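# Geometric and topological summary
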Amino acid sequence: MRVGGRAEWLLEPRDPAELRAAWLAARERGFTPRVLGGGANLIVDDGELPGVVIATAQLRRLFRPTPDGGDALDQAPSGAVALERERDTRLVAWCGASLPSLVSAARDLGWSGLEGLAGVPGQLGGGLAMNAGGRWGALWDVVERVRVLEPDGTLRDLTREQCSPRYRDGNLGLRLAVGAVLALKLDRVADVQERCRSFLTEKNAVQPVSEHSCGCIFKNPDPELSDGRSAGRLIDDCGAKGLARGDAHVSTLHGNFIVNRGAATAADVLTLIEDVRDLVLEKSGVRLESEARVWRARPAS
Ligand code: EPU
């Protein structure tokens, strides 16, 4: 969204062991760290963010299991592993691997399951926390297991069934996703490429993909309460497209996106979100629930 202030402390661990050590070091000093993935679904408040932010940007490793089926998440293999694409169609990734890198790795191997995420920004960790996805599928559809860091610093592997992910919610609670094993399906390279291309074309036509935003602002409501209308449609129907606060605008292309036209502040964006929520409630009786996360700061002095 390109808004917001600065962090008091920023830690950038390079591997899962350092991530755990950073987490524990912060907790021992009385902080509850905030964890920053790709920031694609996040609005950072203006001013200084108190405490510790742990960024996962360095935890980018993405690899295939070893030929004997080894899929240890903590240690990426040091050398190249030559495996035919037909063998073991799983990807192992750390939480800082970008979703676009996962989609293109699967696409190039002709493995199906991640095409629905074509064009979705952000990283694996945030994608797992939010169950990123859309009409053509969501990330948790392909999760075999996820490694999580419990608040007390314990590492634990959980299967998809143990997590019970839901629409836009990986249901991880206070746990942090450190990495995951994704199980994909062998397909024809050309078919996977074609699905990625067509989903992306469709998305580009209806979403303001080249502008700065944090994706959809609101979750789609229960269709029973909204007459089957999506959040974007409800916002459109009440004439809120184009509403603005400073440089924050409700996209004229898709009602559920707020775009930063240049110099918007977090306060502009957050006020505009409440304007839209109030308007939709008044006109349709539906109270929209936020999808984007907000990190509150203390006001700058
Ligand atoms: N619509 C309008 N006006 C608008 C926007 C949408 O009438 O301004 C109508 C569309 O014509 C369509 C319906 O509303 O009939 C749904 O719109 P769309 O197909 O754009 O999908 P969406 O439900 O708004 C969801 C996800 C997106 C994801 C797309 C495509 C949510 C909140 N949004 O959007 O995810 O990219 O499907 O798969 O679930 C995100 O979560 O950040 C996000 C962008």
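Below you will find a few notes about this structure. The structure displayed is predicted, hence computed values, not measured ones.

## Observations concerning the overall build of the protein chain
The helix and strand tally for the protein chain stands at eight helices and 17 strands. Along the longest, intermediate and shortest principal axes, the C-alpha atoms of the protein chain span 60 × 50 × 35 Å. Looking at the protein chain as a whole, 45% of its 301 residues are labelled buried. Across the protein chain, contacts joining residues at least 24 apart in sequence account for 68% of those joining residues at least 6 apart. By element, 48% of the accessible surface of the protein chain is carried by carbon and sulfur atoms, the whole surface being about 14,500 Å². The distance from the centre of the 39 positive side-chain charges to the centre of the 41 negative ones in the protein chain is 1 Å.

## Considerations on the side chain of glutamine 123
Following the sequence through the fold, glutamine 123 ends up in the loop between strand 7 (111-112) and helix 3 (124-130). Non-local contacts of glutamine 123, meaning those with residues more than four positions away in its chain, are made with Gly37, Gly38, Thr56, Ala57, Cys95, Gly96, Ala97, Ser98 and Leu99.

## Things to note about the environment of proline 50
Examined against the element boundaries, proline 50 turns out to sit in strand 4 (residues 48-55). Look at proline 50 and you get partly exposed, because its relative accessible area is 30%. Along the backbone, proline 50 and alanine 7 are 43 residues apart, and their C-alpha atoms lie at a distance of 6.7 Å. Discounting residues that sit within four places of it in the chain, proline 50 has contacts with Glu8, Arg34, Arg296, Ala297 and Arg298.

## Examining the pairing of strand 4
Counting buried positions along strand 4 yields six of eight residues, so the element is predominantly enclosed. With five bridges joining them, strand 1 (residues 6-11) and strand 4 adopt parallel strand pairing. Following the sheet pairing, leucine 11 is matched in strand 4 by isoleucine 54. The pairing of strand 2 (residues 34-36) with strand 4 spans three bridges and is classified as parallel. Bridge pairing links valine 35 to isoleucine 54 in strand 4.

## Quick look at the sheet that holds strand 16 (residues 258-260)
With respect to topology, three strands assemble into an open sheet ordered 14-15-16, the strand pairing being antiparallel. Edge strands, defined here as strands with exactly one partner in the open sheet, are strand 14 (244-245) and strand 16. Bridging between strand 14 and strand 15 (residues 248-250) involves two bridges; their strand directions are antiparallel. When the sheet's bridge partners are listed, alanine 244 is paired in strand 15 with histidine 249. Relative to strand 15, helix 8 (residues 266-284) is tilted by about 25°, and along the sheet it contacts strand 14, strand 15 and strand 16.

## Looking at the pairing of strand 10 (residues 143-149)
Strand 10 sits mainly inside the fold: six of its seven residues count as buried. Two strands pair when backbone bridges link them, and strand 10 and strand 12 (residues 176-183) are joined in this way by six bridges, in the antiparallel orientation. Among the inter-strand pairings, valine 143 is bridged to a residue of strand 12, identified as leucine 182. As judged from the five bridges shared by strand 10 and strand 11 (residues 155-159), these two strands associate in the antiparallel manner. Bridged to valine 148 within strand 11 is arginine 156. Between strand 10 and strand 11, which pair antiparallel in sequence order, lie five residues; one of them, glycine 153, sits at a positive phi of approximately 95°.

## So, the sheet that holds strand 10
Read across the open sheet, the five strands follow the order 5-6-12-10-11; overall the sheet is antiparallel. In this open sheet, the two edge strands, each paired with only one partner strand, are strand 5 (62-63) and strand 11.

Cut-off values and rules
- Residues numbered from 1 in each chain as written.
- Predicted model: local features only at pLDDT ≥ 70, side-chain atom pairs only at ≥ 80, totals over all residues.
- Heavy atoms only, no water.
- Helix = DSSP H or I, 4+ residues; strand = E, 2+ residues; numbered from the N terminus.
- Buried < 20%, exposed > 50% of the residue type's maximum accessible area, 1.4 Å probe, protein only.
- Contact = heavy atoms within 4.5 Å.
- Areas by Shrake-Rupley, 256 points an atom, 1.4 Å probe, with all protein chains shown as cover.
- Lys, Arg positive; Asp, Glu negative; His and termini not counted.
- Charge placed at Lys NZ, Arg CZ, Asp CG, Glu CD.
- Pairing = 2+ DSSP bridges.
- Axes fitted to C-alpha atoms, helices over the stretch in contact; angles between N-to-C directions.

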